Amino acid sequence: MSAKPFLRIDNIRKRFGPIIASDGVSLEIEEGEIHSLLGENGAGKSVLMSMICGMVRPDEGEIVYKGQSVRFASPRDAIRQRIGMVHQHFMLVPNLTVAENYILGQGSALSVISDIDKVHRKIRALSERYALDVRPDAIVEDLSVGEQQRVEILKVLFHGIDLLILDEPTAVLTPQETDRLLSLMGDLVKDGKTVVFISHKLDEVMRVSNRISVMRDGRVVNTVRVGETNARELARMMVGREVRMELPRSPKPPGRIVLSVENLTCRAETGLPAVRGVSLDVRAGEIVGIAGVSGNGQTELSLALSGLLPVDSGRVVLNGNDITGLDPAEINARRFSHIPEDRHKHGIVLPLSLSENTILQRYDQKPFATGGMLNRKVIGEHTRDLIKRFRVKSRDENQPIAALSGGNQQKLVVARELARDPDFILVNQLARGIDIGAMEFVMEEMLRQRDSGRAILLISTELEELFAICDRIVVMFHGEILGELPPDRARLDELGLLMAGNKEQAALAG
Ligand SMILES: Nc1ncnc2c1ncn2[C@@H]1O[C@H](COP(=O)(O)OP(=O)(O)OP(=O)(O)O)[C@@H](O)[C@H]1O
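What you see is a predicted model; the values in this text were computed from it and never measured.

Concerning the overall build of the protein chain
Next up, step 1: Helix and strand content of the protein chain: 18 helices and 22 strands.
Next up, step 2: For 510 residues, the compact-globule estimate of 2.2 N^0.38 gives 24 Å, and the protein chain sits close to it at 23 Å.
Next up, step 3: The principal-axis extent of the C-alpha atoms belonging to the protein chain is close to 70 × 50 × 50 Å.
Next up, step 4: Relative to its full complement of 510 residues, the protein chain shows a buried share of 44%.
Next up, step 5: Taking the contacts inside the protein chain whose residues are at least 6 apart along the sequence as the reference set, 67% of them involve residues at least 24 apart.

What about the pairing of strand S8 (residues 194–198)?
Next up, step 1: For S8, a buried count of five out of five residues is recorded, marking the element as mostly surrounded by other parts of the structure.
Next up, step 2: Residue alternation in S8 divides its side chains into two sets, Thr 194, Val 196 and Ile 198 and Val 195 and Phe 197, and both sets are buried.
Next up, step 3: Two strands pair when backbone bridges link them, and strand S3 (residues 34–39) and S8 are joined in this way by four bridges, in the parallel orientation. Pairing of Leu 37 across the sheet is with Ile 198, part of S8.

Concerning the nonpolar core
Among soluble globular proteins, nonpolar side chains are generally buried collectively.
Next up, step 1: Within the largest apolar cluster, 128 residues are counted, with the highest numbers of intra-cluster contacts made by Ile 165, Phe 424, Val 427, Val 442, Leu 457 and Leu 458.
Next up, step 2: Top contributing element to this core by residue count: helix H15 (residues 436–451), with six residues.
Next up, step 3: In this structure, this core is formed jointly by two domains, domain 1 (7–239) and domain 2 (257–348 + 404–410 + 418–509), each of which donates at least three residues.
Next up, step 4: Residues contacting Val 427, with those up to four places away along its chain left out, are Ile 339, Ile 456, Leu 457, Leu 458 and Ile 459.

Considering the site of the ligand
Next up, step 1: Inspection of the region around the ligand gives 21 residues, with Phe 16, Asn 41, Ser 46, Ser 405 and Gly 407 positioned closest.
Next up, step 2: Elements that contribute at least two residues to the shell around the ligand include exactly strand S2 (19–29), helix H1 (45–52) and helix H14 (406–419).
Next up, step 3: When its residues are assigned to classes, the shell around the ligand shows seven nonpolar, eleven polar and three charged.
Next up, step 4: Each of domain 1 (7–239) and domain 2 (257–348 + 404–410 + 418–509) accounts for three or more of the residues forming the shell around the ligand.

Things to note about the UniProt feature "domain: ABC transporter" (unreviewed entry) in the protein chain
Next up, step 1: Taking the UniProt record as the reference, the feature "domain: ABC transporter" (unreviewed entry) is found at residues 7–242 and 259–503.
Next up, step 2: Counting secondary structure, residues 259–503 comes out at 34% helix and 26% strand; the distance between its end C-alpha atoms is 26 Å.

Observations regarding the environment of Pro 175
Next up, step 1: Tracing the backbone shows Pro 175 in helix H6 (residues 175–190).
Next up, step 2: A tally of 16 C-beta atoms within 10 Å means that Pro 175 is categorised as partly exposed.
Next up, step 3: In this structure, the C-alpha to C-alpha distance between Pro 175 and Val 293, residues 118 residues apart in sequence, is 7.9 Å.

What about the sheet that holds strand S20 (residues 455–459)?
Next up, step 1: Taken together, six strands build an open sheet; the order of strands is S16-S19-S20-S13-S21-S22 and the sheet is mixed. Of all strands in the sheet, those with a lone pairing partner are strand S16 (336–339) and strand S22 (480–485), marking the two edges. Between one strand and the next, the sheet's axes are offset by a mean angle of 20°, whatever the strand orientation.
Next up, step 2: Relative to S20, strand S19 (residues 424–428) runs parallel, the two being bridged by five bridges. Residue pairing for S20: Phe 424 is matched across the bridge by Ala 455.
Next up, step 3: Of the strands in this sheet, strand S13 (287–291), strand S21 (472–477) and S22 touch helix H17 (residues 492–499), which is tilted by about 30° from S21.

Details of the packing of H14 against H15
Next up, step 1: For the pair H14 and H15, the least separation of the axes is 12 Å and the interaxial angle reads 10°. Comparing the axis directions of H14 and H15 gives the class roughly parallel. Crossing angle aside, the handedness with which H14 passes H15 is left-handed. Together, Gly 407, Lys 411, Val 414 and Leu 418 of H14 and Ala 438, Val 442, Glu 445 and Gln 449 of H15 make up the contact between the two elements.
Next up, step 2: A breakdown of the residues in the contact of H14 with H15 according to their chemical character gives four nonpolar, two polar and two charged.

Brief notes about the sheet that holds strand S10 (residues 219–225)
Next up, step 1: With mixed pairing, six strands are arranged side by side in an open sheet as S6-S7-S8-S3-S9-S10. The sheet is open, and its two edges are formed by strand S6 (83–86) and S10, each paired on a single side. Taking each pair of neighbouring strands and ignoring which way they run, the sheet shows an average axis angle of 20°.
Next up, step 2: Sheet analysis places S3 next to strand S9 (residues 211–216), joined by five bridges and oriented parallel. Looking at S9, one finds that Leu 37 is bridged to Ser 213.
Next up, step 3: Here helix H8 (residues 231–239) sits on the sheet and contacts S3, S9 and S10; the angle it forms with S9, its principal contact strand, is near 30°.

A few points about the domain arrangement of the protein chain
Many descriptions give the size of an interface as the accessible area lost when the pieces come together.
Next up, step 1: Considered domain by domain, the protein chain is made up of domain 1 (7–239) and domain 2 (257–348 + 404–410 + 418–509).
Next up, step 2: Here the C-alpha centroids of domain 1 and domain 2 sit 30 Å apart.
Next up, step 3: Counting residues at the interface gives 19 residues for domain 1, matched by 21 residues for domain 2.
Next up, step 4: Elements that contribute at least two residues to the side of domain 1 that touches domain 2 include exactly helix H5 (145–159) and H8.
Next up, step 5: It is H8 that provides the largest number of residues to the side of domain 1 that touches domain 2, a total of three residues.
Next up, step 6: The class makeup of the residues in the side of domain 1 that touches domain 2 is six nonpolar, ten polar and three charged.

Overview of unusual backbone geometry
Next up, step 1: Put simply, Lys 366 and Pro 367 share a cis peptide bond, and its omega is 0°.
Next up, step 2: Looking at the secondary structure, you find Pro 367 in the loop between helix H12 (354–358) and strand S17 (369–370).
Next up, step 3: For Asp 421, which is not glycine, the phi dihedral falls at a positive 55°.
Next up, step 4: Relative to the elements of secondary structure, Asp 421 occurs in the loop between H14 and S19.

Each value, and the rule that gives it
- Residues numbered from 1 in each chain as written.
- Predicted model: local features only at pLDDT ≥ 70, side-chain atom pairs only at ≥ 80, totals over all residues.
- Helix = DSSP H or I, 4+ residues; strand = E, 2+ residues; numbered from the N terminus.
- Rg over C-alpha atoms; globule rule 2.2 N^0.38 Å.
- Buried ≥ 20, exposed ≤ 12 C-beta atoms within 10 Å, placed from the backbone.
- Contact = placed C-beta atoms within 7 Å.
- Pairing = 2+ DSSP bridges.
- Core = buried A, V, L, I, M, F, W, Y, C linked by C-beta atoms within 7 Å.
- Domains from an automatic or database assignment.
- Near = placed C-beta within 6 Å.
- Nonpolar A, V, L, I, M, F, W, Y, C, P; charged D, E, K, R; others polar.
- UniProt positions renumbered as here; feature names shortened; annotations may be inferred.
- Axes fitted to C-alpha atoms, helices over the stretch in contact; angles between N-to-C directions.
- Parallel < 35°, antiparallel > 145°, perpendicular 65-115°, else oblique.
- Left-handed = near helix turned anticlockwise from the far one by under 90°.

Below, the structure written as structure tokens:
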């Protein structure tokens, strides 16, 4: 331990009712390091960091920052001390511009137009400096998930920080964006800043960190230097057992066509063309992957298939029936499950309980309702069963889903959608925010669904996720399907070329 660490967390405790989120956690962060924090879903990473950035108050213990014992009353208080955090879930106001979001709550200091100009200039300069590609006048709700993440990162830099905490920032980024972010972290350290990085992706953690701490059950169980460990050992420290990085899978001939997309065209919410004549079939007993750099129409394709975005032309046929233009509830009722990209927008209702969230699409159906009355006993039993099977870390089924850690919210969405006995499962970013132990479980579950004859369309920017479970992979670029490949790691170059829109070169490489 260094004599005078930059940040020292000493025996912090934090409870939420009966849940112990921090159980006497201690940690030291050195100045100028990239310190990664690993741990299973619900291990207490976000809560610990929220205490450092003034969002949550510890019950006990001490935080010593730059040699001073500190107690921040609010995130703004922490920002004043140059500590900033980028959260897992966006905290931006959707209908405001990027610049308006940055000056929100700054009060009278920014009352004249020339100040707005200055703000715009500063955003442009930072965006250029760190290659973040953020426009100050863009309306937040028009931006993709990845773009909004970059807006969040730039916001913290805009306010000026010495300590930057990034809570799973790469969960929503493409490989290219991730590379950029990892090198940004390096640049920040070169500028004298310190970074705490929370991630479930061990390869990223191994690439950028100086030191890595592993949390379990509200405590730090180990801190290691990056050169002294490897991904397998880290996985074992996190989960407490060996984690399989490759899943066994039996080849199986696919069955009948379950979902057929015919020449589908639709526009993004901005009105610009997003999906341009996509055709594909998904058969019973197969997992079809859609690879692509985010922003190439995958979001709109999944929203259009699930009835959340209007279709301009073309058809979606499920089990032989045209479902184009039906509303989401009608589509859901036809054995169509959807694990969405943005779980807060399309997956769950945060203030509602776990139980209410598990029956969102079926609250008026048997066995959850009889004679117009909710059958709370059955709903409770069903939810408890899902919680147990998918190991959703929670107090009970009656707490609001907002109180769950991000990965546990995702596990509940996956559990609910699989429990609806679907014929077709549309997944956009399966493992978003899920720890590697849970990822292994969820992927095995997807393979079980495939083997039991379900048709699965898996949209993902994570090539590893696609390689691990898909039977075939198609590539989307500029709203079109450019080609199809088997899930063969040897053909990674070809896949990369297709993802970059190079059809001819990809054909040569193949
Ligand atoms: N506001 C809250 N009310 C009740 N419980 C909470 C609240 N915030 C967090 N918790 C609980 O504290 C525990 C730790 O949560 P935390 O979000 O820190 O986990 P995490 O390690 O960041 O997980 P993940 O990898 O899924 O993001 C969890 O059991 C969570 O449900």
